[in-house]
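What follows is the residue order along each chain.
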Amino acid sequence: MKTICRIATVLTFFIFAVGCTKDDASHKQIIQTTKDGSVLFEEAAVNHSLGLEYIYNSLVSSQLDSSLVLDTNSYNNLLNFVKIKTHSFLLGLGNTFIQNNESLVLDWTDYSFTWIVKQQNDHLLYDSIVADSLTNKQKELLRELSLAVYDVNIGYDSTLSVFEHIRERSYQTCNDEELIAMLAAVEIGEASLTYWYSNYDKWNNIFPSRLKSWFNWKELLGRDIEGAVTGAVTGFVTSGISGAGAGALAGGLGASAGSAALQLYHHWID
């Protein structure tokens, strides 16, 4: 958590460049340089979905071998189990951008679990720790995305269309630094959307004998994006583009896994 405290201090004095540009050359440059931009976040998005599957399989195995005994007093046991599996997956990836930012990855995963538990969801798609580091353009785009993400009446296809719209607008209107957070939101968010839409039924049945409520996959999607955006911003401040990718993956996966653990407990166990 010391790293997070340092990040908060840095963010107090750091503001992303204000204003946006329609300079297509600058948008191409950020994609073409050393995995900057979309390629880096696309890789993070793939690993994010693999991470959720790893955690799911770990939970299923824990029920088969009784390594995780769950009852109404096992709230912390479940959260700690999922957090440990999240750490294990991230550190086992072997990706350069993870290895170069190992401390950030661990701290940001832990922080994601902390704010998931303690904070009420305000649907902003970013944590208050980075609010002053986001420009008005970024907040406007994230607000538009949030309306679709949290509206349970908007289905998968329509939500996916909003992601594509936000991606296009981000490339058209945002400068390079603004684009970092927006790519984290749309790439990891879109992967999260597809994963949870396709897999929430099987998560629904991890504890079949205790099933008693609806699994809110759009809530998980929103928390996921919030973790990814916040992690990307803090990672970029401390470690540049590599840190942005690591922070986005750790923040998104930690927030998504933590939210899933909370739903598993409150809806199925308690």
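Heads up: these notes are all about the structure in this document. Computed from a predicted model, the values in this text were never measured in an experiment.

## Structural notes on the overall build of the protein
Now for step 1: Within the protein one finds 10 helices and zero strands.
Now for step 2: For the protein, the succession of helices and strands along the chain, N to C, is α-α-α-α-α-α-α-α-α-α.
Now for step 3: In the protein, buried positions account for 56% of the 270 residues.
Now for step 4: Across the protein, the fraction of contacts at a sequence separation of at least 24, relative to all contacts at a separation of at least 6, is 79%.
Now for step 5: Carbon and sulfur atoms provide 51% of the accessible area of the protein, an area that totals close to 11,300 Å².

## Let's talk about helix H7 (residues 136–149)
Now for step 1: In this model H7 runs 20 Å from its N-terminal to its C-terminal C-alpha over 14 residues, within 8% of the 20 Å that 1.5 Å per residue would give.
Now for step 2: Taken together, the buried positions of H7 are Gln 138, Lys 139, Leu 141, Leu 142, Leu 145, Ser 146, Ala 148 and Val 149.

## Regarding the packing of aromatic side chains
Now for step 1: Across all of its chains, the model carries six aromatic pairs by this definition.
Now for step 2: Residues Tyr 56 and Trp 203 carry aromatic rings whose centres are separated by 5.7 Å and whose planes lie at 45 degrees to one another, so their mutual orientation is tilted. Here Tyr 56 is found in helix H3 (residues 38–64), whereas its partner Trp 203 is found in helix H9 (residues 176–204), with 147 residues between them in sequence.
Now for step 3: Of the residues examined, Tyr 56 reaches a relative accessible area of 14% and is grouped as buried.
Now for step 4: Seen from their ring centres, Trp 108 and Tyr 111 are 4.7 Å apart, and the 35 degrees between their planes marks the pair as tilted. On the criterion of helical spacing, the pair formed by Trp 108 and Tyr 111 is a turn pair, its members being three residues apart in helix H6 (residues 102–118).
Now for step 5: Residue classification places Tyr 111 among the buried residues on the basis of a relative accessible area of 13%.

## Examining the environment of Leu 125
Now for step 1: With respect to the secondary-structure elements, Leu 125 resides in the loop between H6 and H7.
Now for step 2: The class of Leu 125 is buried, set by a relative accessible area of 0%.
Now for step 3: On a C-alpha basis, the gap between Leu 125 and Ile 225 in space is 5.9 Å, while along the polypeptide they are 100 residues apart.
Now for step 4: Not counting residues within four places of it along the chain, the set of residues in contact with Leu 125 comprises Leu 142, Leu 145, Ser 146, Tyr 150, Gly 222, Ile 225, Glu 226 and Val 229.

The rules we used
Residues numbered from 1 in each chain as written. Predicted model: local features only at pLDDT ≥ 70, side-chain atom pairs only at ≥ 80, totals over all residues. Heavy atoms only, no water. Helix = DSSP H or I, 4+ residues; strand = E, 2+ residues; numbered from the N terminus. Buried < 20%, exposed > 50% of the residue type's maximum accessible area, 1.4 Å probe, protein only. Contact = heavy atoms within 4.5 Å. Areas by Shrake-Rupley, 256 points an atom, 1.4 Å probe, with all protein chains shown as cover. Expected span 1.5 Å × (residues − 1). Phe/Tyr/Trp six-rings, centres within 6.5 Å; stacked < 30°, edge-to-face > 60°.

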